[in-house]
Amino acid sequence: MKTNRIGNSVSFPALRLRRLRRTAAIRDLVQETRLSVKDLIAPIFVQDGIKRPRAIESMPEIYRLPTESLIDEIQSLFDLGLRSVLLFGVPLRKDDSASSAFDDTGVIQRAISLVRKHFGNKIVIATDVCLCQYTVHGHCGIVSKSGHVDNDSSIKTLAKVAASHASAGADIVAPSAMMDGQVQEIRAVLDSRGFSDVAIMAYSAKHASPLYAPFRDAAHSTPEFGDRRSYQMPFSNSKEAMREIEADINEGADIVMIKPAIPYLDIIHQARNATNVPVCAYSVSGEYSMIKAAAMEGWIDEDSVVTEFLTSIKRAGAGMIVTYHAKKMAELLNR
Ligand SMILES: [Zn+2]
């Protein structure tokens, strides 16, 4: 044993991790995790019955768009190198059976057709498949007479929604209702309707999180009664998250998703190690708005924090990230 310059006993040669941190060029050479614009998926809200983009108060710089603005917005993302979007519909009409969610002339179906027609296969169109924006009560499934969210009628409706998105031209349908068996039901209906090429990105481990609050403001999907804890996952459980992920893979999910992202890096890491299926992380509205709010107060540097957060999500094991910072991050990566 030798003694190093600061007096500690060390085995020779002395560990000098700082050698590889000395200059920016060296740090760049040894950088282990690199974000790419191709990793990012931009969520987009499309609202029926409006003529101009509507600001979302709790999500600065994010808008609900009319279908008329959709092509320009996606073109601006495309010009930055972004290639994937996740579309959410905000309909005019809500009812108990979420019928506007599977209406072939609904807002989301029109949006999908429009984007497909304009961009061909140059853009990956993923669509959120859920009922909460389309039901009067704002729950993600069909509510029975006894007042609980009924699993088996909900998955039948979700499969109809997925098929209508596929028919309009979606590449990927993303069921987010956290109903048991939803992936299997959707896969079966897509295959039976001739959409065996359409992939399923399952919101597998979607946690019941207060971080969704700004999204509910954006998508008009706040539940009228109760909350979503009887179907979304408790944030305290990681083994249960892995069971959800395993179940979705067994049911035919092509991509599994963990949501939210930053408080769930351990789950992303476990999912990455436990499976060879692509892993997506959804960095949610609350994660976005917290950074925005603090940056607007001048308390943090937005660019650096966004870069650190998104890089950390990738380092944890996510191969793709749904993020409201997609445009900002693409600008930073292009600099
Ligand atoms: Zn929902």
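Refer to the preceding data block for the structure.
Only a predicted model underlies this, so the values are computations on that prediction, with no experimental measurement involved. (Residues numbered from 1 in each chain as written. Predicted model: local features only at pLDDT ≥ 70, side-chain atom pairs only at ≥ 80, totals over all residues. Heavy atoms only, no water.)

1. Things to note about the overall build of the protein chain
Looking only at helices and strands, the protein chain has eleven helices and 14 strands in total. Against the compact-globule benchmark of 20 Å for 335 residues, the protein chain has a radius of gyration of 22 Å, which places it among compact chains. For the protein chain, the C-alpha atoms occupy an extent of roughly 75 × 40 × 40 Å along the three principal directions. A total of 335 residues make up the protein chain; the buried ones form 54% of that total. Of all intrachain contacts in the protein chain linking residues separated by at least 6 positions in sequence, the fraction that spans at least 24 positions is 73%. Summed over all atoms, the accessible surface of the protein chain reaches about 16100 Å², with 51% contributed by carbon and sulfur. (Helix = DSSP H or I, 4+ residues; strand = E, 2+ residues; numbered from the N terminus. Rg over C-alpha atoms; globule rule 2.2 N^0.38 Å. Buried < 20%, exposed > 50% of the residue type's maximum accessible area, 1.4 Å probe, protein only. Contact = heavy atoms within 4.5 Å. Areas by Shrake-Rupley, 256 points an atom, 1.4 Å probe, with all protein chains shown as cover.)

2. Concerning helix H9 (residues 285–296)
Taking 1.5 Å per residue as the helical rise, H9 with its twelve residues ought to reach 16 Å, and the 16 Å between its terminal C-alpha atoms agrees with that figure. Along H9, nine of the twelve residues are buried, which leaves the element largely enclosed by surrounding structure. Phi turns positive, to about 80°, at Gly-298, one or two residues after H9. (Expected span 1.5 Å × (residues − 1).)

3. Looking at the packing of H9 against helix H10 (residues 302–316)
For the pair H9 and H10, interaxial distance at closest approach is 10 Å and the crossing angle is 155°. What the angle tells us is that H9 and H10 run roughly antiparallel. Considering the relative orientation of H9 and H10, their crossing is right-handed. Taken together, the residues of H10 that come into contact with H9 (itself represented by Ile-291, Lys-292 and Ala-295) are Glu-302, Val-305, Val-306 and Phe-309. For the contact of H9 with H10, the class distribution of residues is five nonpolar, no polar and two charged. (Axes fitted to C-alpha atoms, helices over the stretch in contact; angles between N-to-C directions. Parallel < 35°, antiparallel > 145°, perpendicular 65-115°, else oblique. Left-handed = near helix turned anticlockwise from the far one by under 90°. Nonpolar A, V, L, I, M, F, W, Y, C, P; charged D, E, K, R; others polar.)

4. Looking at helix H8 (residues 265–274)
Turning to H8, its buried residues number three or more, namely Ile-267, Ile-268 and Ala-271. Burial along H8 is one-sided: seen end-on, the buried residues are contained in an arc of 100°. (Arc of directions from axis to C-beta.)

5. Considerations on the coordination of the zinc ion
Note on metal sites: the ideal angle is 109.5 degrees for four tetrahedral donors, and 90 or 180 degrees for six octahedral donors. Distances from the zinc ion to its protein donors, namely Cys-130 (SG), Cys-132 (SG) and Cys-140 (SG), fall within the range 2.2 to 2.4 Å. Taken in chain order, the donor set of the zinc ion reads C-x1-C-x7-C. Taken together, the positions of Cys-130 in the loop between strand E7 (124–129) and strand E8 (142–143) and Cys-140 in the loop between E7 and E8 put the pair ten residues apart, joining distant regions of the chain. By relative accessible area, which is 1% here, Cys-130 ends up buried. (Donors = N, O, S within 2.8 Å, 3.2 Å for Na, K, Ca; no water.)

6. Quick look at the packing of helix H2 (residues 67–79) against helix H3 (residues 107–119)
Viewed as axis vectors pointing N to C, H2 and H3 meet at an angle of 45°, and their least axial separation amounts to 10 Å. Taken as axis vectors, H2 and H3 run oblique relative to one another. For the crossing formed where H2 meets H3, the hand is right-handed. Of the residues in H3, those in contact with Thr-67, Leu-70, Ile-71, Ile-74, Gln-75 and Phe-78 of H2 are Val-107, Ala-111, Leu-114, Val-115, His-118 and Phe-119. Considering only residue class, the contact of H2 with H3 consists of nine nonpolar, three polar and no charged.

7. Thoughts on a positive patch on the surface
Taken together, Arg-16, Arg-18, Arg-19 and Arg-21 make up a surface patch of like positive charges. If you trace the backbone, Arg-16 turns up in the loop between strand E2 (9–10) and helix H1 (24–29). (Patch = residues over 30% accessible without salt bridge, like charges linked within 9 Å, V, L, I, M, F, W, Y side chains within 5 Å. Salt bridge = Lys/Arg side-chain N within 4 Å of Asp/Glu carboxyl O. Lys, Arg positive; Asp, Glu negative; His and termini not counted. Charge placed at Lys NZ, Arg CZ, Asp CG, Glu CD.)

8. Things to note about the pattern of salt bridges
Throughout the structure, instances matching the rule amount to 16 salt bridges. Asp-254 is the partner of Arg-187 in a salt bridge, and the nearest nitrogen-oxygen pair spans 3.8 Å. Remark: Asp-254 occurs in the loop between helix H7 (239–251) and strand E12 (255–259) and Arg-187 occurs in helix H5 (residues 182–192); sequence separation between them is 67 residues. In this structure Asp-254 comes out as partly exposed when scored by relative accessible area, which is 35%. Two residues, Lys-292 and Glu-302, come together in a salt bridge whose shortest N-O distance is 2.7 Å. Of this pair, Lys-292 sits in helix H9 while Glu-302 sits in helix H10, and the two are ten residues apart along the sequence.

Remember, this is a structural readout, not a statement about activity or role.
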